[in-house]
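Here is how the chains run, residue by residue.
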Amino acid sequence: MVHTCVVTGCHNRKQKDSIRSFHSFPFSDPERLIQWISRVSRQDTCGNPWKPTKYSKICSDHFVPGDYEPDTERKVLRNSAVPSLFPSHPSHKQPTLKPRRKSPKKRSFQADVNCTFNHESDTEISAKCSRVMIDHCYTNQPVETNTELENLRDNLEKAKSVIKEKGKTIKCLRQKLKRRDATISSILDEMEEIKLLSSEEHHLLKLNFDKETLSLN
């Protein structure tokens, strides 16, 4: 089977006597497999995320030298290798590479300090060495994060939003109550006019109705 690189815009094919190598997707490492698929940034004919098969290959043009095992006859990828070179991709699809941080070497304070104490007393020597050690001493300060503060702010904004919505609901209900009160009061006045209610009944009903309205407010 002729191997062809699956990266969009790359037309490399496996040829005889070519130094270019082709590598299968790491199906045995799900986490790294997701990274490979994301880096390829390809879609199928329906516009859905593309899925590789056991025949899918990526050529060596998309890997840096550090991705390969050293001192091997053929190119063998490290277990942590992820493709990172995609010259045919637009800038917004280029992967952001984080530089590898070298582990800091422990300083040998005694080696850094070239002290020559020829005619000094033990007390002076001790004081000088103490000052040197203090100058080169780095305290591990805890890293302060704003995560908790941000969460509190988010919760506060959500609470404000809920209160605002409740306030709108209450305002709407109060307007409905006012319209209802006006309608009932008008009906009672009309009933008194046409002698369906006496003046005393009219007064008692309006009085009781006003008490109910006040309790609702």
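Refer to the structure presented above.
Quick summary incoming for the structure in this document. (Residues numbered from 1 in each chain as written. Predicted model: local features only at pLDDT ≥ 70, side-chain atom pairs only at ≥ 80, totals over all residues. Heavy atoms only, no water.)

1. Examining the overall build of the chain
Each helix and strand counted, the chain has five helices and two strands in total. Along the chain, helices (α) and strands (β) appear in the sequence β-α-β-α-α-α-α when read from the amino end. Counting every position in the chain, which comprises 217 residues, the buried fraction comes to 19%. Total accessible area on the chain stands at roughly 18300 Å², and carbon and sulfur atoms take up 53% of it. (Helix = DSSP H or I, 4+ residues; strand = E, 2+ residues; numbered from the N terminus. Buried < 20%, exposed > 50% of the residue type's maximum accessible area, 1.4 Å probe, protein only. Areas by Shrake-Rupley, 256 points an atom, 1.4 Å probe, with all protein chains shown as cover.)

2. Details of unusual backbone geometry
For Ser-41, which is not glycine, the phi dihedral falls at a positive 55°. Structurally, Ser-41 can be placed in the loop between helix H1 (30-40) and strand S2 (57-59).

3. Quick notes on the packing of aromatic side chains
Given two aromatic rings, their pairing is described by the distance between the two centres and the angle made by the two planes. If you walk through the whole model with that rule in mind, you get four aromatic pairs. The interplanar angle of 70° and the centroid separation of 6.2 Å between the aromatic rings of Phe-63 and Tyr-68 together place this pair among those described as edge-to-face. No difference in accessibility class separates Phe-63 from Tyr-68, as the two residues are buried. Between the NZ or CZ atom of Lys-75 and the centre of the ring of Tyr-68, over which it lies, the distance is 5.5 Å. (Phe/Tyr/Trp six-rings, centres within 6.5 Å; stacked < 30°, edge-to-face > 60°. Lys NZ or Arg CZ within 6 Å of the ring centre and 35° of its normal.)

4. What about the pattern of salt bridges?
Applying the stated criterion across every chain, the model contains four salt bridges. Between Arg-20 and Asp-61 there is a salt bridge, with the nearest N and O atoms lying 3.2 Å from each other. With Arg-20 in the segment before strand S1 (22-24) and Asp-61 in the loop between S2 and helix H2 (109-112), this pair connects stretches of sequence that are 41 residues apart. For Arg-20, a relative accessible area of 28% translates into the label partly exposed. Overall, the relative accessible area of 36% leaves Asp-61 in the partly exposed class. (Salt bridge = Lys/Arg side-chain N within 4 Å of Asp/Glu carboxyl O.)

5. Looking at H1
Among all positions in H1, only Arg-32, Leu-33, Trp-36 and Val-40 are buried. Burial along H1 is one-sided: seen end-on, the buried residues are contained in an arc of 105°. Facing away from the buried surface of H1 by more than 90 degrees, the exposed residues are Pro-30, Glu-31, Ile-34 and Ser-38. Those residues of H1 that are buried are in contact with S1 and S2. At the C-terminal side of H1, Ser-41 shows a positive phi close to 55°. (Arc of directions from axis to C-beta. Contact = heavy atoms within 4.5 Å.)

6. Remarks on the side chain of Asn-12
Secondary-structure assignment places Asn-12 in the segment before S1. At a separation of 2.8 Å, a polar atom in the side chain of Asn-12 contacts the side chain of Asp-61. Excluding residues that lie within four positions of it along the chain, Asn-12 makes contacts with His-3, Thr-4, Cys-5, Arg-20, Phe-22, Cys-59 and Asp-61. (Polar contact = N/O pair within 3.5 Å; in protein donor to acceptor, adjacent residues only side chain to side chain.)

7. Concerning helix H4 (residues 147-193)
Along its 47 residues, H4 runs 69 Å from first to last C-alpha, staying within 8% of the 69 Å computed at 1.5 Å per residue. One or two positions beyond H4, positive phi appears at Lys-195, with a value near 70°. (Expected span 1.5 Å × (residues − 1).)

8. Overview of the nonpolar core
Counting residues in each nonpolar core, the largest one holds 18 residues, and the members touching the most others are Cys-5, Val-7, Phe-25, Trp-36, Ile-58, Phe-63 and Leu-77. Listing elements by their share of this core, those giving two or more residues are H1 and S2. For this core, the element with the most residues is H1, which contributes three residues. Not counting residues up to four positions away in its chain, the partners in contact with Trp-36 are His-23, Ser-24, Phe-25, Pro-26, Ile-58, Phe-63, Leu-77, Ala-81, Val-82 and Pro-83. (Core = buried A, V, L, I, M, F, W, Y, C linked by side-chain atoms within 4.5 Å.)

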